[in-house]
Amino acid sequence: MKNYLYTFGLTLCSCALIVSCAKEQPTYKLSSPDQATTLEFSLTESGAPQYKVSHNGTSVLEPSLLGFEFEDLKSMTDGFEIISSEEHSADTSWEQPWGEFKTIRDHHNELVVHLKETEGEQRLMDLKFRLFDDGLGFRYAFPKQEHMDSVKISNELTQFTFPQNHDVWWIPVHAENSYYESLYKKSPMNTTDTINTPATFETKDGLYLALHEANLTDFASMTLLKSKDNQYESDLVPWANGVKVYAQTPFETPWRTLIIGEQPGDLVTSTLMLNLNEPSKIEDLSWIKPSKYIGIWWGMHLDKYSWGQGDKHGATTENTKKYIDFAAKHGLDGVLVEGWNLGWDGDWTADGRAFSFTQPYPDFDIEAIGEYAAMNNVRLIGHHETAGAAKHYEDQLEDAFKLYNRIGVNAVKTGYVNKYLDKKEWHDGQYGVRHYRKVIETAAKYHIMIDNHEPVKGTGLQRTYPNLMTQEGGRGQEYNAWSADGGNPPEHTTILPFTRMLSGPMDFTPGNFDFSYETPNKAMVPTTLAKQLALYVTMFSPLQMASDLPENYESKPAFQFIKDVPEIWSETVVPNAEIGKYVTMARKDWNSLDWYLGAITNADARQLQVPLTFLDENTSYTAQIYEDGEGANYKSNPYPINITTKTVDRNTTLELNLAAGGGTAIRFTPITE
Ligand code: NOJ
């Protein structure tokens, strides 16, 4: 017998490794700690690795093949035998420096299968599966070995075979743009083509599944190619020359992840992706500070200001000081200033090589502004738009961060507005993955947090680099200023929590208070005022913006909610949700006993009953409620808002009345005798 059977005796954990030998092909079985999810791994008759997944007896993934193809090397797709296996289990907890949960439990069972080709060069490939109660992660590992050193991967052939043609929430790959700024659609799988992850499935059996990846390190992003009506196959984003990944043994792929939920909210509260990343590489985290900011920003998108020089230049010393005064007066921590540096004049998107990241425009006195901000206890938030000129940016990286560090800037928003990096590489290929990592690591050296726009999708790297605070990677509020299609439709923000947000925090930039602006495209913010507030709870970002012009907040009672609402949370629950229709989230403040609730709806008005069972026991709370007022609706009357208070506790059920495109935001403060 082969030695895989010996591993049977090593089983110490609660999961059951069952080895059966139908047709001489052993099947390995692994269960999640709660036993609800089961993974089976086996080899086909031709020695091709395959896996399948079920949840409470329902098939989630049917047998799906695993393998790799290389340039100039025989593919590793079949002809394998299992030489040994290992099984491990873990049940630990770890603390986040910031997040949607303070403590995360890492409770999983793991199966590692060591494969060897039976003939030829007898190359080695391992598969590692981890089952959590919230789903599956698996990755390939290629050990150091005699006949495999440097490789050029031409294809990853991981299949995801569903039992049926389910509905999927998806965005296209590199279609409208190359940084995920598309509207999600729900379609039967068989009508899609190549889609991005996270891709979220509503199954015919009532399950909610999401395919994505974790710990994308020195590899290409995985997109999903529809290979059959009920099947996707991993499709790695290539380099310009067609190679997918350059690697050298030993190496591991990112984790391929599958969240399995019984409710839409289970996707939101899943911690699988974070658990599959490495602990922090940054030891001193004292300089990492979640915060709220305003910016010389919306004005550019409304064409009130310009990035480049001229009469409308937004980033002037005088204007920046005004923004700093406003932030100081209202207790906001940061002021973002875009268009402060040389390189914006003319069509800045065409060629980013004009950008200097150390030379300010003459009307922006960076030293004086740095001092003024410090005097007012406000941080300047830096801005590095590259227009995709990644190499040019890398050449200046050290000097750029050194400058910002010297004048007290501890967060920088980066940007890559261009279809390609350096004119030919994708943002989400291995080239981009390497570039973004270099920026995060260099920023950490200078104690700078990163807010990355036009990024490669998030894969939980904020666990390893907690200075990677937030990213764009989706259609944010800015589309409501200028988008040719009129802006983000009302359902957009009821879809994002179950799709884009599964890849990590988003710098969506909520907080629009003025709905009267006019732009050539007639774009608009398609929400009520109350919904803008609720977005601070439903859209997680540890750097959270108040997006509107300061003058639009002055003397508005609803602004109090933006001032109060925290950016980070010790707990998160989802009392109710239907993807694309409505969602209610409740979150506990990281630093106090307060709870917050945000409920939002699509274009339809609706009434939601929300039992407040998430509130702490034996505690009464004052609920400050910001809800849509009489006649409010996103189309013609966004402003009416009622601000009321009520005493509640965990036995209370609140009735929320959301206007069309509306929402409710609530702060719950414990009443102390
Ligand atoms: C696109 C970003 O998303 C936006 O926030 C920024 O203002 C512009 N690029 C300019 O950098």
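Residues numbered from 1 in each chain as written. Predicted model: local features only at pLDDT ≥ 70, side-chain atom pairs only at ≥ 80, totals over all residues. Heavy atoms only, no water.

(A) Inspection of the site of the ligand at higher detail. By nearness alone, 14 residues border the ligand, and Trp297, Glu338, Glu385, Lys413 and His453 come closest of all. Residue Trp297 places a side-chain N or O atom 2.9 Å away from an oxygen atom belonging to the ligand. Within the side chain of His301, an N or O atom sits 2.9 Å from an oxygen atom of the ligand. With the chains in place, 96% of the 290 Å² that the ligand exposes on its own is no longer accessible. Considered class by class, the residues forming the shell around the ligand number five nonpolar, three polar and six charged. (Near = heavy atom within 4 Å. Polar contact = N/O pair within 3.5 Å; in protein donor to acceptor, adjacent residues only side chain to side chain. Areas by Shrake-Rupley, 256 points an atom, 1.4 Å probe, with all protein chains shown as cover. Nonpolar A, V, L, I, M, F, W, Y, C, P; charged D, E, K, R; others polar.)

(B) Spatial organisation of the domain arrangement of the protein chain. Domains assigned within the protein chain are domain 1 (3-275) and domain 2 (291-565). If you average the C-alpha positions of domain 1 and of domain 2, the two centres end up 34 Å apart. Facing 45 residues of domain 1, the contacting portion of domain 2 comprises 50 residues. Between domain 1 and domain 2 lies a buried interface of about 4,000 Å² when both sides are counted; carbon and sulfur atoms form 62% of it. (Domains from an automatic or database assignment. Contact = heavy atoms within 4.5 Å. Buried area = accessible area lost by both parts, 1.4 Å probe.)

(C) Main features of the nonpolar core. Within the largest apolar cluster, 176 residues are counted, with the highest numbers of intra-cluster contacts made by Phe41, Tyr51, Phe129 and Phe401. The residues that make up this core include at least three from each of domain 1 (3-275) and domain 2 (291-565). With 19 residues, the next largest nonpolar core counts Leu597, Ala599, Leu608 and Val610 among its residues. (Core = buried A, V, L, I, M, F, W, Y, C linked by side-chain atoms within 4.5 Å. Buried < 20%, exposed > 50% of the residue type's maximum accessible area, 1.4 Å probe, protein only.)

(D) Local environment of unusual backbone geometry. Following Thr197, the chain continues into Pro198 via a peptide bond in cis, with omega recorded as -5°. With respect to the helices and strands, Pro198 occurs in the loop between strand S15 (194-195) and strand S16 (199-202). Following Thr249, the chain continues into Pro250 via a peptide bond in cis, with omega recorded as 0°. Within the secondary structure, Pro250 is located in the loop between strand S20 (245-248) and strand S21 (251-252). (Helix = DSSP H or I, 4+ residues; strand = E, 2+ residues; numbered from the N terminus.)

(E) Main features of the sheet that holds strand S29 (residues 543-545). Across the sheet, seven strands lie side by side as S28-S27-S26-S25-S24-S23-S29; this open sheet has parallel pairing. The sheet is open, and its two borders are formed by strand S28 (468-471) and S29, each paired with just one other strand. Each strand of the sheet is rotated relative to its neighbour by a mean of 30°, with strand direction disregarded. Bridge count between strand S23 (residues 291-296) and S29: three bridges; the pairing is parallel. Note on S29: the bridge partner recorded for Ser291 is Leu543. (Pairing = 2+ DSSP bridges. Axes fitted to C-alpha atoms, helices over the stretch in contact; angles between N-to-C directions.)

(F) Fine view of the pairing of strand S37 (residues 663-670). Counting buried positions along S37 gives seven out of eight residues, so the element sits mostly inside the fold. Of the pairings in the sheet, the one linking strand S32 (residues 595-601) to S37 comprises six bridges and is antiparallel in character. When the bridges of S37 are listed, Trp595 appears paired with Phe668. Note: strand S34 (residues 621-628) against S37, seven bridges, orientation antiparallel. When the sheet's bridge partners are listed, Tyr626 is paired in S37 with Ala665.

(G) Region of interest: the packing of helix H4 (residues 317-330) against helix H5 (residues 366-375). Orientation of H4 relative to H5, taken along the N-to-C sense of each, is 10°, at an axis distance of 10 Å. With respect to H5, the axis of H4 lies roughly parallel. Residues Thr317, Thr320, Lys321, Ile324 and Asp325 of H4 form the contact with H5, whose participating residues are Ile369, Tyr372 and Ala373. Among the residues forming the contact of H4 with H5, the class breakdown is four nonpolar, two polar and two charged. (Parallel < 35°, antiparallel > 145°, perpendicular 65-115°, else oblique.)

(H) Seen up close, the environment of Pro163. Here Pro163 lies in the loop between strand S12 (159-161) and strand S13 (167-170). Setting aside residues up to four positions removed in sequence, Pro163 forms contacts with Ser59, Val60, Glu62 and Asn230.

(I) Focus on the packing of aromatic side chains. Counted according to the given criterion, the structure contains 41 aromatic pairs. A centroid spacing of 4.7 Å and a plane angle of 85° characterise the contact between Phe68 and Tyr140, whose relative ring orientation is edge-to-face. Placement of the pair is Phe68 in strand S5 (residues 68-70) and Tyr140 in strand S10 (residues 135-142), with a sequence separation of 72 residues. Pairing Phe138 with Phe160 gives two aromatic rings, centres 6.3 Å apart and planes at 45°, and the pair type is tilted. Of the two residues, Phe138 is situated in strand S10 and Phe160 in strand S12; the sequence distance between them amounts to 22 residues. Classification of Phe138 as buried rests on a relative accessible area of 2%. Judged by its relative accessible area of 2%, Phe160 falls in the buried class. (Phe/Tyr/Trp six-rings, centres within 6.5 Å; stacked < 30°, edge-to-face > 60°.)

(J) Looking closely at the pairing of S20. Burial along S20 is one-sided: the residues Val245 and Ala247 are buried and none of Tyr246 and Gln248 is. Looking at chain direction, strand S11 (residues 150-156) and S20 are connected through four bridges and run antiparallel. Opposite Val151, over in S20, you have Ala247 as the bridge partner.

(K) Representation of the environment of Ala411. One can find Ala411 in strand S26 (residues 411-415). Its relative accessible area of 1% is what places Ala411 among the buried residues. Linking Ala411 and Pro362, residues 49 residues apart in sequence, is a C-alpha distance of 23 Å.

(L) Examining helix H6 (residues 390-406) more closely. If you check H6, its first and last C-alpha atoms are 23 Å apart, about what 17 residues at 1.5 Å a residue would give, namely 24 Å. The principal kink in H6, of about 55°, is found at Gln396. If you check which residues of H6 are buried, you get Ala390, His392, Tyr393, Gln396, Leu397, Ala400, Phe401, Leu403 and Tyr404. Close packing links the buried residues of H6 with H5, strand S25 (379-385), S26, helix H7 (430-445) and strand S27 (449-452). At the exit of H6 stands Gly408, carrying a positive phi of roughly 90°. (Expected span 1.5 Å × (residues − 1). Bend = angle between axes of the 7 residues up to and from the residue.)

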